[in-house]
Amino acid sequence: MLTVDTRRPAGPAGRISRVETLSLGTAWRDFSYVRIHTDEGLSGIGEITHPYRGRETCSLTEAMAQRHLIGADPFDVEEIWLRMYQGDFLRGGDVGGIVVSGVDQALYDIMGKALGVPAYRLTGGACRDSVRIYANGWYTGERDPQVFAAKAKEVAARGYTALKFDPFGAGLGELSRAELRFSVDIVAAVREAVPDLDLFVEGHARFAMPTAVRLVRELEPFDLGWFEEPLPWTHIERYAELRARAAMPISGGEHFHNRYEYARLFATGAVDIIQPDLSMAGGFTEIRKLAAQADVHAMLVAPHNSNSPLCTTASVHAVLGMPNLLVLETFDGMLEPYVFDALKGVLPVTGGHIGLPERPGLGVELADEVFAEHPPSHRFWNMFKEGWEKRDR
């Protein structure tokens, strides 16, 4: 099972003949992609973006292609997933998880094109007419309650009905009394500015238990849709204890890369809402299994997506048939126009929603000439450094 078997007849897409990677530089982060070709003239793309390890994901993708992909039938997604994970001796972690995820996306893109149907038709169809989207990245700039409030109003004016933000600055572990008060003042200002929007507060998995307990108490008056990752995942067993003290739902899970890493989250009842990322948690093949397990545990799904508009589009395909979907994240509103030129055919956000895709596969093609004009910058910003929210490095 863990070697490419070319004795079986190939399906309508033929066999994988070539694999390449491309990276695009932006002010937000470098976006990376895999493009897989078949001997029937089809190609499919997937996102392999890592915030800081783009070289590594591209290099591993190309190496794994030679070991596990060339000669394979793109329709054998379960076997290919297992071959990449088990055959390459992956034991969790971000780089390998991202590569498997992006390759899996590209395979569904190829399958959809081969059959002439959108990818979501292969992942459970649709149980909704559109996907609700929430905005992130909108608060770049000065960390001031009134600045946050003004920017939140701008998000609402663009039609979004929900938004997420991190009000905590460079806080790590504990917050001083003054810093905690200032963070809560930011949340209060945003709530006053957009009383009818759903608000999600991001903790970035960085507070000690006493601070997290204080925060869930201080944030209770603002009717939050969730408090995201208030604790480090090294303390996953304490999440359930915090949930018992919190008036708002607790969410998390973006750091886990497959069902095996998610096992402790489910076993400990860590969260109310899981947040798998399609480009980190194993692609279409794996995220459906995670959603099903979440349903067994009475949990909702709100996929993480801090990547490019390709991941947004692919995530829409992934969640259209997910009964326990809550909402989907996007940073698309903060990106340069040329990003959309590089990713031809990505789905637009309209009125805080994305509608049903119509084109075969993912419906997106990469414009190589735009990639050539905007090479990766390999920049880094440290979110535990004062002023990180300005994202000016």
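Preceding this paragraph is the structure being described.
Residues numbered from 1 in each chain as written. Predicted model: local features only at pLDDT ≥ 70, side-chain atom pairs only at ≥ 80, totals over all residues. Heavy atoms only, no water.

A. Expanded view of the packing of aromatic side chains. Going through the model one piece at a time under the given rule, you end up with 19 aromatic pairs. Considering the side-chain rings of Trp233 and Tyr239, the 4.1 Å spacing of their centres and the 5° angle between planes classify their relative orientation as stacked. Taking relative accessible area as the criterion, Trp233 reaches 12% and is therefore assigned buried. With centroids separated by 5.0 Å and ring planes inclined at 65°, the aromatic side chains of Trp233 and Phe256 adopt a geometry described as edge-to-face. Remark: Phe256 occurs in the loop between strand S8 (250-252) and helix H8 (259-268) and Trp233 occurs in the loop between strand S7 (226-228) and helix H7 (239-245); sequence separation between them is 23 residues. For Phe256, a relative accessible area of 10% translates into the label buried. (Phe/Tyr/Trp six-rings, centres within 6.5 Å; stacked < 30°, edge-to-face > 60°. Buried < 20%, exposed > 50% of the residue type's maximum accessible area, 1.4 Å probe, protein only. Helix = DSSP H or I, 4+ residues; strand = E, 2+ residues; numbered from the N terminus.)

B. Spotlight on the packing of H8 against helix H9 (residues 283-296). Taken N-terminus to C-terminus, the directions of H8 and H9 make an angle of 15°; their axes are 11 Å apart at the nearest point. Comparing the axis directions of H8 and H9 gives the class roughly parallel. Remark: the crossing between H8 and H9 carries right-handed chirality. Counting all contacts with H8, which are made through Arg259, Tyr262 and Phe266, the residues of H9 involved are Glu286, Lys289, Leu290, Gln293 and Ala294. (Axes fitted to C-alpha atoms, helices over the stretch in contact; angles between N-to-C directions. Parallel < 35°, antiparallel > 145°, perpendicular 65-115°, else oblique. Left-handed = near helix turned anticlockwise from the far one by under 90°. Contact = heavy atoms within 4.5 Å.)

C. Fine view of helix H4 (residues 145-157). For H4, built from 13 residues, the straight-helix expectation of 18 Å at 1.5 Å per residue is met to within 8% by its first-to-last C-alpha distance of 19 Å. Two or three places before Gln146, at the opening of H4, Asp144 has a side-chain oxygen 3.0 Å from that residue's backbone nitrogen. Phi turns positive one or two residues past the end of H4, at Gly159, with a value near 100°. (Expected span 1.5 Å × (residues − 1). Polar contact = N/O pair within 3.5 Å; in protein donor to acceptor, adjacent residues only side chain to side chain.)

D. Geometry of the pattern of salt bridges. Under the definition given, this model contains 26 salt bridges. Of the charged contacts in the structure, one is a salt bridge between Arg18 and Glu20, with a shortest N-O distance of 3.7 Å. Judged by its relative accessible area of 44%, Arg18 is partly exposed. In this structure, the salt-bridge partner of Glu228 is Lys164, at a minimum N-O distance of 2.8 Å. Linking Glu228 in strand S7 with Lys164 in strand S5 (residues 162-165), this pair joins segments that are 64 residues apart in sequence. Residue classification places Glu228 among the buried residues on the basis of a relative accessible area of 0%. Residue Lys164 is classed as buried on the basis of its relative accessible area of 1%. One salt-bridge network, in which partners are shared between bridges, spans Arg8, Asp76, Glu79 and Arg83. (Salt bridge = Lys/Arg side-chain N within 4 Å of Asp/Glu carboxyl O.)

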